[in-house]
Amino acid sequence: MATKQTKQATKTVTKFDDKTKYNAYGLRLDKRNNEQIDATKADFRMIVGRRSNGKTYPSLVNGVKNFIDSGCREQFAYVRRWDDDLKNNAPQLFNGLVQDGWLSWYSKGKWNGISYYRRCWYLIRTNSDGAVEEKCKQPLAYGFAVNMAERYKGPDYPHIKTIIFDEFIPERTAGGTIVGEWRLWNSILSTIIRERNDVVVYMIANTITKNSPYFHVYKIDIDAVEPGSICVYRYSGGGTLALEYCSDSGETNRSVSKYFDIEDSATGNMIMRGQWETDAYPRLPRKLSHKSRTVMKIWLRCEGGKVVQGNIIETDYGASIFWHPKTTPLQFRYGDYVYLSEWDNDYIDSPTVRSQIDTSNQLDRLILRLIVNNRCYYANNDTGEKVKYFFKLK
């Protein structure tokens, strides 16, 4: 009599099944994830911190997870500043969660790859030879570039529930922000969101510089935000923004840190510890007293209302400027030199209040020449960054 043999399938156990190291969604417990900032339920969720501190990866994981859980319906948008950045990074964007096996684990083997074609990413399953056996018919995500915002008007994206704006603070060598970027960014938001109110926007960046226009327009005093904190801002229209300044959890592996942890390296401090990356600016030597040698004072009212005072001082080597933050309200007399980041009609009758350098003015030319020729001293590096950003110097 023949006996019927049954073959029982055994589940493959992966590293993601180890709940002492990974949470229910396959994110490492000893690494930063989005759980805390997501708990705020804010409409905008801004995340800044050092490189490789778990900012983009968990955001992408969340987008893929929602797409799979919704039966391939809930999509997301991935935004970069420049279309070249999008094209260059798009094919490799999901390499991390594909190559470490997360995608195959979470989809229970249905999908093991993600392909990119014409601004869209698709879930795929490939065989051992790399040939595509199945491709999801619906896009997982759409790519957008801020500088191309005007080209996206027209189509609807009703299934996009999450927007990820990656690298919203540009690298120093990446060309900076775009002229009119705030309008373009809002154009993309309008194109995607339309009249819905169920979209969450993530804005992610490394701690490159505090002088980002986004901190200004979202009314964030970034100087007052401490590492490891989450601040929530509420706006008159009813919207909310949560800002997380990532703590230095999940520190860069010591075997890798030798490449970045260089003494007095601003970039190394940003990569390793999440400190803001600033240039080193010269301090006022002890032998010079700006109080006794000041011949004139000037003021910069920077974005966000921060005021920097400049003392033009006489030295044995000619004129210099000592720049330092002004902590008291800006009060000046008629005829004092004040530069405004944005023009204010209250000062229209004052001939020495201006919003930019006037190269036809002798004093303006002197100020610009002293800055460009490094004839300036600064109270700290943050002040130097504000001055450089104010005058739009590279």
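The sections below set out a description of the structure shown in this document. (Residues numbered from 1 in each chain as written. Predicted model: local features only at pLDDT ≥ 70, side-chain atom pairs only at ≥ 80, totals over all residues. Heavy atoms only, no water.)

1. Things to note about the packing of aromatic side chains
Here's step 1: Taken as a whole, this structure holds 24 aromatic pairs when the rule is applied.
Here's step 2: Plain terms: the ring middles of Phe-94 and Trp-121 are 5.9 Å apart, the flat faces sit at 75° to each other, and that makes the pair edge-to-face. Taken together, the residues Phe-94 in the loop between helix H3 (83–89) and helix H4 (95–99) and Trp-121 in strand E4 (residues 120–126) connect sequence positions 27 residues apart.
Here's step 3: Summarising the aromatic geometry, the rings of Tyr-281 and Tyr-378 are spaced 5.1 Å apart at their centres and angled 65° between planes, so their arrangement reads as edge-to-face. (Phe/Tyr/Trp six-rings, centres within 6.5 Å; stacked < 30°, edge-to-face > 60°. Helix = DSSP H or I, 4+ residues; strand = E, 2+ residues; numbered from the N terminus.)

2. Description of the pairing of strand E5 (residues 132–135)
A regular strand carries its side chains on alternate faces of the sheet.
Here's step 1: Direction of pairing for E4 relative to E5: antiparallel, over a ladder of three bridges. Considered in E5, the bridge of Arg-125 is made with Glu-134.
Here's step 2: The hairpin formed by E4 and E5 contains five residues between the paired strands, and Gly-130 there has a positive phi angle of roughly 90°. (Pairing = 2+ DSSP bridges.)

3. Observations concerning the pairing of strand E11 (residues 294–301)
Here's step 1: As defined by bridge partners, E11 adjoins strand E12 (residues 307–315) across seven bridges and the pair is classed as antiparallel. Bridge assignment links Leu-300 to a residue of E12, and that residue is Val-308.
Here's step 2: In sequence, E11 turns back onto E12 through a hairpin of five residues, with Gly-304 there showing a positive phi of about 85°.
Here's step 3: Here E11 pairs with strand E14 (residues 337–340) via four bridges, running parallel. Bridge pairing in E14 links Arg-301 to Leu-340.

4. A word on the layout of surface pockets
Here's step 1: Estimates place the volume of the largest pocket at around 1400 Å³.
Here's step 2: In terms of residue class, the lining of the largest pocket is made up of 18 nonpolar, twelve polar and 16 charged.
Here's step 3: Here the second largest pocket is characterised by a volume of approximately 830 Å³.
Here's step 4: Lining the second largest pocket are 34 residues, and of these Ser-52, Gly-54, Lys-55, Thr-56 and Tyr-57 sit closest to its centre.
Here's step 5: Elements that contribute at least two residues to the lining of the second largest pocket include exactly helix H2 (56–69), strand E2 (75–80), H4 and strand E8 (200–206).
Here's step 6: For the lining of the second largest pocket, the element with the most residues is H2, which contributes four residues. (1 Å grid on protein atoms, 1.4 Å probe; cavity = no way out; pocket = protein on both sides within 12 Å on 5 of 7 lines; lining within 4 Å. Points joined across faces, edges and corners; volume = space filled by probe spheres on them. Nonpolar A, V, L, I, M, F, W, Y, C, P; charged D, E, K, R; others polar.)

5. Comments concerning the environment of Ser-341
Here's step 1: Its place among the elements puts Ser-341 in the loop between E14 and strand E15 (353–354).
Here's step 2: Classification of Ser-341 by relative accessible area gives partly exposed; the value is 31%.
Here's step 3: Residues Ser-341 and Ser-355, 14 residues apart in the sequence, show an inter-C-alpha distance of 5.8 Å. (Buried < 20%, exposed > 50% of the residue type's maximum accessible area, 1.4 Å probe, protein only.)

6. Section: helix H11 (residues 362–372)
Here's step 1: All of the buried residues along H11 are Leu-363, Asp-364, Ile-367, Leu-370 and Ile-371. When H11 is viewed along its axis, its buried side chains cluster within an angular range of 130° and face the same direction.
Here's step 2: Two or three places before Leu-363, at the opening of H11, Asn-361 has a side-chain oxygen 2.9 Å from that residue's backbone nitrogen.
Here's step 3: Once H11 ends, the next one or two residues include Asn-374, with phi positive near 60°. (Arc of directions from axis to C-beta. Polar contact = N/O pair within 3.5 Å; in protein donor to acceptor, adjacent residues only side chain to side chain.)

7. Observations regarding the environment of Ala-24
Here's step 1: Turning to its location among the elements, Ala-24 is positioned in the segment before helix H1 (35–38).
Here's step 2: Between the C-alpha atoms of Ala-24 and Tyr-106, which are 82 residues apart in sequence, the distance is 9.8 Å.
Here's step 3: Discounting chain neighbours no more than four positions away, the residues touching Ala-24 are Lys-19 and Trp-105. (Contact = heavy atoms within 4.5 Å.)

8. Things to note about the side chain of Thr-162
Here's step 1: Mapped onto the elements, Thr-162 comes out in strand E7 (residues 160–166).
Here's step 2: For Thr-162, a relative accessible area of 5% corresponds to the buried category.
Here's step 3: If we skip the residues at most four places from it in the chain, Thr-162 touches Asn-66, Gln-75, Phe-76, Ala-77, Val-199, Val-200 and Tyr-202.

9. Some words on empty space enclosed by the protein
Here's step 1: Applying the stated criterion to the full structure yields one cavity of 30 Å³ or more.
Here's step 2: The volume enclosed by the largest cavity comes to roughly 50 Å³.
Here's step 3: The wall of the largest cavity is formed by Thr-209, Lys-210, Asn-211, Trp-276, Glu-277, Thr-278, Asp-382, Glu-385 and Lys-386.
Here's step 4: Looking at the lining of the largest cavity, its residues break down into one nonpolar, three polar and five charged.

10. Points about the sheet that holds E11
Here's step 1: Reading across from one edge, E15-E14-E11-E12-E13-E16 is the order of the six strands in this open sheet, with mixed pairing throughout. Looking at strand neighbours, the two that pair on one side only are E15 and strand E16 (376–378), the edges of this open sheet.
Here's step 2: The strands touched by H11 are E11, E12, strand E13 (318–326), E14, E15 and E16; relative to E13, the strand with the most contacts, the crossing angle is about 85°. (Axes fitted to C-alpha atoms, helices over the stretch in contact; angles between N-to-C directions.)

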